[in-house]
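# Summary of the model geometry
Chain residues, written in single-letter form:
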Amino acid sequence: MCIRDRGNPIPSLAVGASELCTTVGGTPHSVTNAEFVLGGTIDNVGQAIADEFGPVTDPHTIPIISGVGGISLIKSGSWVDGNGDGYAQVGETINYTFTVTNSGTLPLTNVTLSDTVGGITVSGGPIANLALGAVDNTTFTATYLVTQADIDADSGDPAFGFKDNTATVTGQCVGPECPVSAPDDERVLLPKNPILNLVKSANLTIVTDVDTEVDYSYVISNTGNVTLTGITLVDNNVDAPPVCDWTGLTVGELAPGESVPCTAMHTIIQAERDAGAVTNTATADSNETPEVSDNVIIPVPFIGVVKTVDAPFNTNGDPITAAGQDVVYTYTVTNNTFQPHDVP
């Protein structure tokens, strides 16, 4: 081995001979961070001196491709079914995790994360140092509490609401493209369960006379997890359409857990008395659910009598031709009530 130090020269070098030499002590040049960041070249000149000749030199240039800052983010969210019913509820939690990667060629420091949507609570960080190629998936976490607007949101699939949001990670470095940041979006689907319920009742359990007025009451309820809109109520046998009291509510809408009372009236007619019962069906509907129905049957009891004439006068209409002829009448009495009666 030869070195540049005159204290340890090559003793002699024959004609045509050569010898490989290294830097002093065989130590290579380590590229400094400043050289790497600034780029450019590393310029070096080698020099040989002999007793018989003056110095000769050979320059050498090595280009440096400068370091570039880079960072990437993967955000993942999962809805937690707090009550285990398979459907999202207001106040249940979405948990988020974040995977941060140094995707550049410079070390990163003071890596921070922010979320652009209100209501997201971010914990952890900053990351003090993130080496080249390093991946961190434990420092940052976040939580979010589901709202009714999230469940009601139109995801394009009627079975799901959703929560969208974006997080951004930022890292500090020295060099081109610094500081660096990267966003990532995440959509979490929230299962919907729209349910419309209808209960109908009457103020009377039995009616005996024509022209009796029956008051009907209805309760329309939202027992699901989705706000219901466009709510309607019809009844096929009332004197006027049902009227609902929307006081304190948005007309035609019910949030989960809300209900609205409605009323209608019907006057008994002879045909219903003859039929022995008053039957009608109410139907409620909404934009988010299939229609639901409930009916009430009110008995209208009576005792009926049908009188007929026996033969021969009943069929051919034969006239009575002599005194003493018998005319026989038959009576059919029907008890359309709920208890026995004596018929005199």
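Residues numbered from 1 in each chain as written. Predicted model: local features only at pLDDT ≥ 70, side-chain atom pairs only at ≥ 80, totals over all residues. Heavy atoms only, no water.

The peptide bond linking Gly125 to Pro126 adopts the cis configuration, its omega dihedral lying at 0 degrees. Relative to the helices and strands, Pro126 resides in the loop between β6 (121–123) and β7 (127–130). In this structure, Pro179 follows Cys178 across a cis peptide bond, with omega equal to -10 degrees. Relative to the elements of secondary structure, Pro179 occurs in the loop between β10 (160–172) and β11 (180–191). (Helix = DSSP H or I, 4+ residues; strand = E, 2+ residues; numbered from the N terminus.)

On to the nonpolar core. Side chains that are nonpolar tend, in soluble globular proteins, to be buried together. The biggest cluster of nonpolar side chains holds 27 residues, and the ones touching the most others in it are Ile71, Tyr96, Phe98, Val100, Val111 and Val169. Not counting chain neighbours up to four residues away, the residues in contact with Val111 comprise Ile71, Val100, Pro126, Ile127, Leu130, Phe140, Val169, Thr170 and Gly171. Grouped together as the second largest cluster of nonpolar side chains are 23 residues, Val214, Tyr218, Cys262 and Ile298 included. (Core = buried A, V, L, I, M, F, W, Y, C linked by side-chain atoms within 4.5 Å. Buried < 20%, exposed > 50% of the residue type's maximum accessible area, 1.4 Å probe, protein only. Contact = heavy atoms within 4.5 Å.)

This part is about the side chain of Glu272. Considering the arrangement of structural elements, one finds Glu272 in helix α3 (residues 270–275). Buried and unpaired, Glu272 has no salt bridge, with Lys200 as the nearest side chain of opposite charge at 10 Å. A polar contact of 3.0 Å, which involves the side chain of Glu272, links it to the backbone nitrogen of Ile269. Beyond its immediate chain neighbours, meaning those up to four positions away, Glu272 contacts Asn237, His266, Thr267, Ala277, Val278 and Val300. (Lys, Arg positive; Asp, Glu negative; His and termini not counted. Salt bridge = Lys/Arg side-chain N within 4 Å of Asp/Glu carboxyl O. Polar contact = N/O pair within 3.5 Å; in protein donor to acceptor, adjacent residues only side chain to side chain.)

What follows deals with the pairing of strand β17 (residues 277–285). Note that strand β14 (residues 232–235) and β17 share 4 bridges and pair antiparallel. Among the inter-strand pairings, Leu233 is bridged to a residue of β17, identified as Ala284. The pairing of β17 with strand β18 (residues 292–299) spans 8 bridges and is classified as antiparallel. Note that in β18 the partner of Val278 across the bridge is Ile298. A loop of 6 residues connects β17 with β18, the two strands running antiparallel in sequence. (Pairing = 2+ DSSP bridges.)

The next subject is the packing of aromatic side chains. Per the stated rule, a full pass over the model turns up 0 aromatic pairs. Positioned above the aromatic ring of Tyr96 is the side chain of Lys75, whose terminal nitrogen or guanidinium carbon lies 4.4 Å from the ring centre. (Phe/Tyr/Trp six-rings, centres within 6.5 Å; stacked < 30°, edge-to-face > 60°. Lys NZ or Arg CZ within 6 Å of the ring centre and 35° of its normal.)

Structurally, the position occupied by Asp285 is in strand β17. Sequence separation of Asp285 and Gly230 is 55 residues, and the distance between their C-alpha atoms is 7.8 Å. Residue contacts for Asp285: discarding those within four places in its chain leaves Leu196, Gly230, Ile231, Thr232, Pro290 and Glu291.

Overall, the coordinates contain 2 disulfides when judged by the stated rule. At a sulfur-sulfur separation of 1.9 Å, the disulfide partner of Cys173 is Cys178. What sets the handedness of the Cys173 and Cys178 disulfide is the S-S torsion sign, and at about -110 degrees it is left-handed. Among the residues examined, Cys173 registers a relative accessible area of 16% and is labelled buried. Residue Cys244 pairs covalently with Cys262 via a disulfide, S to S 2.0 Å. (Disulfide = S-S within 2.5 Å.)

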